[in-house]
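Survey of secondary and tertiary structure
Each chain is listed here by its residues.
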Amino acid sequence: MSTDINKEDTQTQQESIRQVVEAMGEYPGAADASDPQLFCEARPKVEKPFRGVFEKFLNWARANSLWVLGFGTGCGAIELRPLMTSRFDASRFGVAGRPTPRQSSVFIIGGYASVKTLKRIVRSYEQMQNPKFVIALGSCTINGGMYWDSYNTINRIDQYIPVDVYITGCMPRPEAILAGFVKLQELIKAGRGEKANEYAEHFDWYKANQKKVIKDWDMPDYNW
Amino acid sequence: METSLVLKIAYAALSLFIAFNYGILLGATTYRIRARVQGRLGIRLYQPYLDIIKNNAKRTSISHGIMFYLGPIFRITGGVGTFLFIPMIYGSVVFSNFSFAGDVLLVLYFIFFGQLGMALGAGEGGHPYSAIGVSRGLAQMTAFEVPFTLAIIALAVQHNTLSITEIIAAQQGGILNWSLFTNPAATAAALIAFLGMNMGNPFSVVTAPQEIPIGPPVEYHSNYLGLLQTNRSIFNSAKLILFMNLFFGGATNLIVMIIKTFLIYMITVIIGVAFPRFRVEQSIRFFLVVPTLIGLVGLVIALW
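Since this is a predicted model, take the numbers as computed values, not measurements.

What follows concerns the packing of aromatic side chains. One pass over the structure, following the stated rule, counts 30 aromatic pairs over all chains. Note on A:Phe71 and A:Phe107: the rings are 5.8 Å apart at their centroids and 25° apart in plane angle, and the pair reads as stacked. Of this pair, A:Phe71 sits in the loop between β1 (66-69) and α3 (80-84) while A:Phe107 is found in strand β3 (residues 106-110), placing the two residues 36 residues apart along the sequence. According to the relative accessible area criterion, A:Phe71 is partly exposed, its value standing at 22%. Given a relative accessible area of 0%, A:Phe107 falls into the buried group. Each ring, one from B:Phe74 and one from B:Phe113, has its centre 5.6 Å from the other, and the planes form 75°; the classification is edge-to-face. Taken as a pair, B:Phe74 in helix α3 (residues 66-84) and B:Phe113 in helix α4 (residues 103-125) lie far apart in primary sequence, 39 residues in all. One aromatic cluster is present, built from ring pairs that chain together B:Phe74, B:Phe85, B:Phe100, B:Tyr109, B:Phe110 and B:Phe113. Geometry around A:Tyr125 places A:Lys132 over its ring, the cationic atom sitting 4.4 Å from the centre.

Take the state of the cysteines next. Residues and elements named next belong to chain A. Within this structure, the stated rule accounts for 0 disulfides over all chains. This cysteine, Cys75, is not joined by any disulfide, and Cys140 carries the nearest cysteine sulfur, 6.0 Å off. Classification of Cys75 by relative accessible area gives partly exposed; the value is 39%.

What follows is about empty space enclosed by the protein. All names here are of chain A. On inspection of all chains with the given rule, the structure shows 3 cavities of 30 Å³ or more. In this structure, the largest cavity is lined by Cys75, Gly111, Tyr112, Leu137, Gly138, Ser139, Cys140, Gly169, Cys170 and Met171. Of the residues that constitute the lining of the largest cavity, the class distribution is 6 nonpolar, 4 polar and no charged.

The next thing to look at is the interface of chain B and chain A. Listed by partner, the interface residues are 32 residues for chain B and 33 residues for chain A. Overall, the association of chain B and chain A removes approximately 2,700 Å² of surface from exposure, summing both partners, and the carbon and sulfur fraction of that is 55%. By the criterion of area lost to chain A, the three top residues of chain B are B:Lys54, B:Lys58 and B:Arg59, representing 28% of everything that side buries. Seen at the junction of chain B and chain A, the total is 4 salt bridges. For B:Arg40, the salt bridge goes to A:Asp89, with nearest N and O atoms at 3.3 Å. Where chain B touches chain A, the interface holds 21 residue pairs in polar contact (both at pLDDT 80 or more). At 6 residues, helix α2 (residues 47-56) of chain B tops the list of elements feeding residues into the side of chain B that touches chain A.

Attention now goes to the nonpolar core. Among the nonpolar cores identified, the biggest contains 60 residues, and B:Ile111, B:Phe148, B:Leu242, B:Phe243 and B:Phe247 are the most heavily contacted of them. When contributions to this core are tallied by element, the ones reaching two or more residues are α1 (5-37), α4, α5 (128-159), α6 (164-170), α8 (184-198), α9 (222-247), α10 (254-274) and α11 (280-303) of chain B. Counting residues per element, this core draws most heavily on α9(B), which supplies 10 residues. Setting aside chain neighbours within four positions, we find B:Leu242 in contact with B:Ile86, B:Val107, B:Ile111, B:Phe148 and B:Ile164. Grouped together as the second largest cluster of nonpolar side chains are 22 residues, A:Ile109, A:Tyr125, A:Val163 and A:Ile214 included.

Another point: the environment of B:Ala188. By the element assignment, B:Ala188 lies in helix α8. Between the alpha carbons of B:Ala188 and B:Thr149 there is a distance of 13 Å; along the sequence they are 39 residues apart.

Okay, the confidence of the model for chain B next. Scored by pLDDT, chain B comes out at a mean of 90, with 99% of its residues at no less than 70. When pLDDT is averaged over each helix and strand of chain B, the minimum, 87, is found for α4(B) and the maximum, 95, for α2(B).

Conventions adopted
- Residues numbered from 1 in each chain as written.
- Chains lettered and ligands numbered in written order.
- Predicted model: local features only at pLDDT ≥ 70, side-chain atom pairs only at ≥ 80, totals over all residues.
- Heavy atoms only, no water.
- Phe/Tyr/Trp six-rings, centres within 6.5 Å; stacked < 30°, edge-to-face > 60°.
- Helix = DSSP H or I, 4+ residues; strand = E, 2+ residues; numbered from the N terminus.
- Buried < 20%, exposed > 50% of the residue type's maximum accessible area, 1.4 Å probe, protein only.
- Lys NZ or Arg CZ within 6 Å of the ring centre and 35° of its normal.
- Disulfide = S-S within 2.5 Å.
- 1 Å grid on protein atoms, 1.4 Å probe; cavity = no way out; pocket = protein on both sides within 12 Å on 5 of 7 lines; lining within 4 Å.
- Points joined across faces, edges and corners; volume = space filled by probe spheres on them.
- Nonpolar A, V, L, I, M, F, W, Y, C, P; charged D, E, K, R; others polar.
- Contact = heavy atoms within 4.5 Å.
- Buried area = accessible area lost by both parts, 1.4 Å probe.
- Salt bridge = Lys/Arg side-chain N within 4 Å of Asp/Glu carboxyl O.
- Polar contact = N/O pair within 3.5 Å; in protein donor to acceptor, adjacent residues only side chain to side chain.
- Core = buried A, V, L, I, M, F, W, Y, C linked by side-chain atoms within 4.5 Å.
- pLDDT = per-residue confidence, 0-100.

This is how it looks when you write it as structure tokens:
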């Protein structure tokens, strides 16, 4: 008799656990790629810039307000700390850190990108809003650097996301990074900071390249 | 002579414009002062304008639903609403805004309206940091509202009025007539609540950099964020002007207003750079004990 009760108890327990697990599946925190409310279903579009003096004015504002995504993808991120403190003080150039991709406009790829990190890089990049800019730091992002024959890092970052400015070195010092920021500002002011549109234009090529290296592709194609 | 409604709206728009620019320049100045303390040069004085222009000039933005849209709108309604019912300069027709007999009550309500709207909007963003920030923010808000309301009640009892203009009028005629000297306990309670309201250190647990980055507005971007930044400067000026009016004798011209509000703001800045951050339960316990008791003493002084 008592064993029967125990069996029933176990069954009820299992049933309640199943209900809880199902309920958790509906919780927005649990990512469900098929849910249109959580992820965008549309491809990115080319957003045409305005023309003339107005766009120049906006570009001047964009160039002087560069919010960097606080995502250190490699060892180069260690050079970004002295960049913000009193010795180099990047805030003079309008550079500030932002911990969320939604609010930031510059993505610094800080050195080598392992395939696992690349997945996060792609997601973070896509969550940033147009116009957005990418600075690739160190030789690892250009040709793989000392990791060029590694089994789990990619060699050229610009096959997966478009890059505006490369800064060479292993590691580039903060002075070099500041020079890179100034270069990026020049590009934006000249109206050449349109890589986000380029990404939208060649979206299929970039996606194919990304899927070629990321084997466990378990995220939606469009997430912004 | 009664001013016509159209003229009043034009005057209010003018004072809103001044408050917005003043708030922005005050923020940038404070940032520069803080940077100098750290041995840096800091941002350019016009940097916040560039940030607002850049955010509004972003070409794409996404939404998480209707409340997500309405969050920043509620926030700026709260900021502008607070400002519009506070007389900016005592005795001036142009800068008296829409102050009326019971404006203290309305201002009390408007100060918290924006945060409630923001809580609903940020909640729909779905980011866990938003939810944590909102729960902390609302908990802390409930706590600092107690000493703040006690201080306001003490002033209302002391001057027998619910009108900000009449409270300023009662403080005219010498520095010793200010509420700061006639009721120091109420002033102290309100200023401690003001620290919590500004969400600087030691009460910065709501936005808590390095811990829950950005806090409630973590999902807000592009023009939503532009709106929130615009609101921040307006709301900041509104709060400073309110405190100047209630406790520091108001201002009879713009220059006096700027000097007084700047010095009041420096209180939060200096305390902010000198103290570390409270945890949320520590700050709530603090607000409900020390400033609340001081506020009660203020009430007793007022009733005396």
